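An overview of the molecular structure
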Amino acid sequence: MPLSKDQYAAFEDVVGPENISAEPAILYSYSWRSGLYAGVEKFTPRFEAVVLPQSTEEVQAIVRLCNKFKLQFKASSTGWGPYNDAAGPGVIRIDLRRMNRIIEINEKNMYAVVEPYVIGAQLQAELMKRGLNCNMCGAGSNCSALPIAAHQGIGHMSQSASYGERNQLALEWVTPDGEIIRLGSLGSSDEWFCGDGPGPSLRGLVRGNVVPLGGLGVYTKAATKIYHWSGPPIFPVEGISPHYSAGKIPHNFSIGFYSFPSMDKLDEAQQKVGESEIALELMGFNAAMAAANIATSNEEEVKLFREFSQYVQGPCFMIIIAGNSDRDFEYKTKVLSRIINETGGKAIPKLLDDPVVAAGCLWRWLRSTGSIREVFRVSGCFGGEVGGTDCFRLMADYIYKTGQMKGDLIKRGLVYDDGTSPFTQSFEHGHFGHGELLIRYMPNPITFKVLTTEFLVQANETAIRDHYGVPGHVFGDAAHDMYGPHCSSYHLWLRRIKKAFDPQGASEATHYITVKE
Amino acid sequence: MLDLQQLATIAGKENLIQEPNILKQYSQDCSFVNPVRPRMVIKLHTAEQVQQIVKTARATDTPLIPVSSGCPHSRGDTVPAVGGAIIVDLSEMKKIIHVDRKNRVAMFEPGVTFAELIEKVKKNGLRLNMPLLPRQTKSVVGSLLEREPVTMPKYHWDIADPLACTEIILGTGELFRTGAAAGSGSIEEQWAAGGAQKEAAGPSAASWYRLIQGSQGTMGIVTWASARCEIVPALEEPFWIASSQLEKLLEMTHWLIRLRLVNECFMLNNTCLKMILQSAEGGTGAAIGNALPPWILFFNIAGYEYFPEERVAGQIQDMQEIAQRTGLAPLKDLCGIKADKFLRIVQQTSANPYWKLRCKGGFQDIFFLTIFDNLATQMETMYRTVNSAGYPVSDLSIYLQPVVQGANCHCEFTLFYNPDVEEEQERIRRLSGDAVRNLLDQRAFFSRPYGENARLILNRDAATVNALKKVKNIVDPDWIMNPGKLCF
Amino acid sequence: MTLAYYRQDMETCCRCSACKFIPLERVTGYEYVAICPSIARYNFHAYSGGGRLGMGVALLEGDLDYSDKLVEIIYNCQMCGGCDVSCKYAMDMDVLEPLNAIRIECVSRGKTLPALDRLITKLRHGGTMLPPAPSARKSWSDGLNLEDYTRQKVDLIYHAGCRIGQDPAMWKIARYSVLLLRKAGLEPGIAPGSELCCGGRAYEMGYQDDFLRQARVVMKRIEQSGAKTLVTGCAECYHAFKVLYDKFNLRGNLKVLHTSEIFADLISSGRLQPQQEVSLKITYHDPCHLGRLGEPYTHWQGKQLPGHIRLFDPPREFRRGTKGVYEPPRRVLKSIPGIQLVEMDRRKEYAWCCGAGGGVKESNPAFAEWTALQRLQEAGTTGADAIVTACPGCEKNLKDALKKPADQTRIYDLSELLARSVLKEEIDAAQ
């Protein structure tokens with residue numbers, strides 16, 4: 001039901017007439033379906049209006065109005081994934097685009113504070129000028145730099161720079177019922193450096209290894225840990241789009257791409273690399289992803305994939321080494337060489353032989369600009385499987401198992417044939433791991449149905465039956481209800497959190513969990 | 001009405017303790033909280049027993065206070081705040097359940113102490129990221145749940161580290177496992193699949209372990225925990241750097257941690273170091289006297305499996321470059337104290353008696369989180385506060401522990417006093433309250449509020465208190481878990 | 001091409017928002033990361049390239065109609081192509097072409113903006129969209145004795161363009177340009193007092209039929225002149241002749257050059273020798289129509305192959321802005337002694353638009369001004385004393401945004417600076 005005049009006026013009073021719209025043309029642009037799991041419907045259900053607040057106070061006022069008018073709200077930063085969509089009638093979309101400031105970069109104490117619409121590229125670029133860096137969301141530097149915006153917040157640099165759940169410090173949170181809670185040192189001392197306490201940490205409420213995907217209020221500012229950067233303050237990119245590269249790899253940096261005879265050997269290698277603490281990035285990309293990253297067109301990608309595949313002996317990883325000094329670089333390089341030898345790793349010929357290509361890959365994997373190529377260029381759409389965050393081998397085994405199911409989909413002509421290799425990654429120097437299976441397909445109802453009813457079902461059954469934990473793709477009531485009984489009934493506790501903090505159900509929670517009463 | 005017979009059936013009659021002398025031990029500690037005698041102490045040995053006790057307590061509205069460490073306690077969190085409470089003593093749950101070298105994790109029960117765990121994990125080539133000189137009776141689970149700062153900031157990615165998963169009996173009586181341990185499957189099934197209860201976050205969209213940490217037993221009773229471990233180095237080279245200028249040491253520390261050059265890394269003032277040395281076996285603290293410079297930075301450079309000598313040599317050179325830039329000189333020997341010897345000291349637990357008790361028999365800690373930028377002002381504030389109370393600044397022990405890979409700094413002041421002198425006790429009690437108040441005004445973040453000062457700290461953040469109460473209502477709806485602590 | 005032709009391109013949009021930012025590899029700081037003036041100003045997703053593609057699909061599905069609001073969103077866009085370049089860094093799909101197709105649909109349904117209709121009326125009746133010069137008796141070419149290609153055969157045509165031709169303040173650009181050509185031994189022909197509008201802007205505003213009508217008339221005259229080469233100093237005209245006329249197979253064998261291209265060649269070959277020092281620290285603003293939109297058109301006819309990957313038969317080469325005219329203007333400027341060139345953050349294929357294009361200057365001058373002010377602010381951060389550009393449209397819009405008359409001298413056309421270095425004596429003598 002459309003907003004009444006009074007309701008519209010109330011929201012307009014908060015954000016100003018230029019920053020609210022219920023015009024169909026505007027709403028439809030938001031409703032265009034995401035490329036993630038694109039299916040039958042081209043547009044998500046119509047919602048009531050979109051508002052563009054500029055401050056936490058405006059967000060709070062909007063949330064309170066939603067509670068008052070018994071409407072729901074769904075907030076988004078860059079709005080890429082389907083979880084950003086407002087579920088339908090009765091929902092206000094909060095587009096946080098105007099909240100785009102870097103509040104603080106504290107070099108001495110290694111944290112940065114951002115609003116939701118600062119994108120990763122902006123934050124990283126500012127940090128690099130100061131000899132610092134940040135974990136970047138693996139989906140791309142076009143995503144929010146807020147450590148609690150993206151689905152999981154894992155990135156290419158997670159080997160040395162962890163991920164969102166671990167990097168988050170203090171947080172400013174507008175709760176679903178319109179309170180503002182400032183976590184940790186922010187609430188007590190007006191400082192951003194700590195998100196925990198006093199006493200128990202409310203960080204435990206606001207996310208796990210996945211975030212609530214818009215279902216638990218609005219995160220309006222957050223502090224994130226930042227890390228040392230030994231590279232140039234501005235990466236020396238040359239060329240014209242799409243053919244960017246650095247002329248050469250920066251001093252004390254190197255990049256390698258290796259395949260291994262088996263997962264056992266790759267696992268051994270990643271463990272050794274982790275325990276040696278030598279890698280800046282360690283990503284278990286496959287040949288298809290490497291080809292997609294380097295290629296500037298689908299034609300070229302097909303060609304490169306064929307070429308690289310010939311040389312792949314088994315699962316692969318890409319590794320970037322950055323030395324903090326000449327000595328450090330020399331040491332790390334020597335250790336890597338030894339590990340590769342010991343584990344039977346082989347460099348993929350022609351992938352990184354050309355230093356210009358190698359430098360380009362290095363930068364793209366540091367800046368995370370290749371993900372759109374790797375995932376979306378083929379068809380504008382992808383589905384697949386996102387694992388959890390646990391021991392590397394466990395996560396790798398899970399994702400390789402689901403990869404086998406992809407083989408069947410390929411045989412049936414339902415998805416793009418780029419092989420069945422998933423990608424894995426290690427973070428915090430091998431303390432954790434993660435895996436994802438990318439399934440690219442041209443959107444069509446048959447594939448969508450098979451993916452959502454067969455493939456995901458099988459993947460879920462595998463995870464539960466074979467004890468692979470709760471994968472990252474688990475969100476929404478149905479999925480939680482399926483997993484919860486096998487996992488300490490966490491779904492019941494999650495519902496209790498939702499109920500306690502969102503008594504009116506104002507925070508639209510299709511992708512989180514609802515109270516279900 | 002509490003049925004003793006029922007309790008005896010659950011725990012075994014021999015594990016119900018009501019002897020006054022023993023109850024007295026639990027009714028007070030080294031802190032200034034009011035002594036309140038518990039009704040009894042129950043020693044439990046299994047999660048099932050804990051669950052039954054919690055359900056019984058719910059049914060009879062009986063407060064429960066979980067305790068896993070042995071005496072002496074010092075923060076007031078294990079002293080009942082209300083009458084009629086039962087102490088649930090888990091110190092005899094001493095199983096080290098599982099050590100996994102590949103995944104660098106260990107799982108253990110609440111009664112396991114640091115010494116016990118250190119020895120066990122070492123056999124697997126692992127080590128813990130430990131707090132500084134915990135007392136011998138300190139429970140590792142207890143320490144993890146308290147978010148005690150640890151001495152290796154490089155391996156402290158998150159304030160919650162090194163805690164991984166937990167099994168907890170919540171105040172509802174339900175058993176819940178946090179993180180990867182939640183499932184699917186039993187712990188054994190997870191091991192068979194290759195799991196190791198390593199991932200702390202989750203399951204799914206909440207990180208339950210964070211709500212349990214820092215809760216001082218007000219959410220439930222943890223029956224085991226897993227903790228991430230690090231590798232035992234093949235080679236270690238520790239160093240001292242001493243200076244009268246703290247800001248230089250902070251600069252040095254910042255770079256050592258930022259470039260990931262060091263394992264153990266912390267700063268002490270001379271008083272603190274002296275106390276530690278006095279307490280260590282064969283310690284020479286007394287002999288050193290006033291020879292120690294005002295501030296001492298201690299750090300350790302380590303090498304592992306691959307070319308450890310080369311790694312260490314290279315990192316030492318990198319460290320020396322930083323030292324030169326900062327105008328500092330690293331030493332292997334500080335006033336006759338060898339860095340290697342000190343490293344061995346700090347990689348173990350405190351000797352008995354606990355090092356903080358040696359000086360005068362009593363102590364009061366005032367600790368908080370801060371950042372380097374704010375330390376100077378906070379130091380000055382503390383000096384002024386102790387001066388006003390007539391407490392000699394030279395007697396003040398200061399321990400600065402960078403945590404969260406340098407994003408935070410744990411600052412710990414220790415005031416020593418004779419607990420047998422009432423006047424002195426009272427002075428320290430008042431001084432402690434004044435210090436907390438004054439430091440709060442200087443942006444100190446008391447993330448772990450204990451004892452008398454807890455309410456003062458928590459009341460600064462009403463929104464957090466409201467939220468915590470909502471959480472409490474979820475996991476402990478009858479408020480039986482350690483009532484009166486924190487904001488509950 | 002109709003909007004339906006671009007359905008698959010539009011439906012390939014994955015909502016990544018890359019179209020809102022410069023290519024992310026190029027981001028070097030917090031500031032100056034936006035590439036799209038429209039969404040930078042209006043903030044709703046609808047105002048981005050991706051947002052408009054979604055609207056395009058909705059139009060095809062019949063879920064949206066050509067409402068006033070939709071028209072306002074579609075036309076509050078300079079058609080600068082920034083979204084197109086940024087998207088195609090990673091994707092194989094067109095963005096700008098579908099946006100143009102939506103405009104063509106708007107026009108065909110009579111759903112346009114009055115200001116733009118007025119422009120087209122002028123074009124239909126007078127052969128130009130701009131008001132005539134204040135004095136019809138004077139022209140920029142007075143005293144230059146140039147050949148009239150409408151009456152005589154010529155090899156080389158210099159096309160001034162409406163913006164220069166109708167604005168006496170801009171005449172010096174044309175005068176300097178032809179004098180420079182002459183200095184190099186080239187004698188261009190012109191159409192004194194009767195030069196026709198290239199019609200390019202009409203196309204970008206969606207008036208395809210009017211564009212084609214105009215283009216045919218223009219090309220007929222050019223063909224009759226026998227000219228093999230057309231040189232222009234207007235980026236919009238350059239884009240029209242080089243790209244649009246080629247797109248509709250109207251250009252024939254006519255070689256089209258921008259003055260910066262021909263000057264760069266002449267300098268390399270020694271036929272022009274910048275010798276006089278011009279002491280100035282400058283920054284160069286890449287005009288959209290010369291830079292990313294100046295890339296040659298690639299003809300393609302074929303179909304998308306069935307399957308789960310967008311491949312085409314024959315293979316489809318996407319225009320990604322790679323081959324735009326970026327270096328020749330820079331080579332020209334760097335060849336001038338005393339010139340110190342400093343670059344803005346947003347440049348070449350990811351330059352920020354001046355704000356004038358796509359009909360925005362006429363239909364929403366406030367937005368055009370806002371966009372220009374963003375660019376001026378960015379130029380200010382370089383420490384440059386002046387902005388140099390190679391398009392009178394850019395120059396005018398940037399100058400219009402400046403409030404103080406004294407500031408007017410800070411924006412130059414490339415030909416002015418080159419002329420100062422090559423023709424100093426002639427200029428001094430004329431003055």
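Residues numbered from 1 in each chain as written. Chains lettered and ligands numbered in written order. Predicted model: local features only at pLDDT ≥ 70, side-chain atom pairs only at ≥ 80, totals over all residues. Heavy atoms only, no water.

1. Brief notes about the overall build of chain A
A tally of regular secondary structure across chain A gives 18 helices and 20 strands. Scaling as 2.2 N^0.38, a compact globule of 517 residues should have a C-alpha radius of gyration of about 24 Å, and chain A matches this with 23 Å. By principal-axis analysis of the C-alpha atoms, chain A measures approximately 70 × 55 × 50 Å. For chain A, with 517 residues in total, the buried portion stands at 73%. Of all intrachain contacts in chain A linking residues separated by at least 6 positions in sequence, the fraction that spans at least 24 positions is 70%. Summed over all atoms, the accessible surface of chain A reaches about 14,600 Å², with 52% contributed by carbon and sulfur. Charge separation in chain A, taken as the distance between the mean sites of 49 positive and 56 negative side-chain charges, equals 2 Å. (Helix = DSSP H or I, 4+ residues; strand = E, 2+ residues; numbered from the N terminus. Rg over C-alpha atoms; globule rule 2.2 N^0.38 Å. Buried < 20%, exposed > 50% of the residue type's maximum accessible area, 1.4 Å probe, protein only. Contact = heavy atoms within 4.5 Å. Areas by Shrake-Rupley, 256 points an atom, 1.4 Å probe, with all protein chains shown as cover. Lys, Arg positive; Asp, Glu negative; His and termini not counted. Charge placed at Lys NZ, Arg CZ, Asp CG, Glu CD.)

2. Describing the side chain of Gln208 of chain C
Residues and elements named next belong to chain C. In this structure, Gln208 sits in helix α11 (residues 208–225). Residue Gln208 is classed as buried on the basis of its relative accessible area of 16%. Setting aside chain neighbours within four positions, we find Gln208 in contact with Met1, Ile104, Tyr203 and Phe248.

3. Here's the deal with the environment of Ser325 of chain A
Considering the arrangement of structural elements, one finds Ser325 of chain A in the loop between β16 (316–322) and α12 (326–342). Each C-alpha atom of the pair Ser325 of chain A and Ser230 of chain A lies 8.2 Å from the other, and the pair is 95 residues apart in sequence. Here Ser325 of chain A is in contact with Asn252 of chain A together with Asp318 of chain B, once residues within four sequence places are set aside. Within the structure, the side chain of Ser325 of chain A is placed 3.0 Å from the backbone nitrogen of Asp328 of chain A, a separation counted as a polar contact. (Polar contact = N/O pair within 3.5 Å; in protein donor to acceptor, adjacent residues only side chain to side chain.)

4. Some points on the domain arrangement of chain A
Residue and element names in this part refer to chain A. According to the domain assignment, chain A contains domain 1 (5–98), domain 2 (102–228), domain 3 (253–374) and domain 4 (379–452). For domain 2 versus domain 4, the distance between C-alpha centres works out to 27 Å. Contacts between the two partners involve eleven residues from domain 2 and, on the opposite side, 13 residues from domain 4. In terms of surface lost to domain 4, no three residues of domain 2 exceed Gln152, Ile154 and Gln159, which account for 50% of the buried area on that side. For the pair domain 2 and domain 4, the interface holds one salt bridge. Across the contact surface, domain 2 and domain 4 share nine residue pairs in polar contact (both at pLDDT 80 or more). Looking at the side of domain 2 that touches domain 4 element by element, the count peaks at three residues for helix α5 (residues 158–161). (Domains from an automatic or database assignment. Buried area = accessible area lost by both parts, 1.4 Å probe. Salt bridge = Lys/Arg side-chain N within 4 Å of Asp/Glu carboxyl O.)

5. Some words on the arrangement of the chains
By contact count, the dominant pairing among the two pairs of chains in contact is that of chains A and B. Across all C-alpha pairs, the smallest distance from chain B to chain C is 22 Å, and the two are not in contact.

6. Regarding the interface of chain B and chain A
Across the boundary between the two partners, chain B contributes 94 residues, which contact 95 residues of chain A. On the chain B side of the contact with chain A, Trp157, Tyr306 and Phe445 of chain B bury the most area, a combined 10% of that side's loss. Summed over the shared surface of chain B and chain A, the result is 18 salt bridges. Our enumeration of links across chain B and chain A arrives at 53 residue pairs in polar contact (both at pLDDT 80 or more). With eight residues, helix α16 (residues 462–475) of chain B is the single largest residue contributor to the side of chain B that touches chain A.

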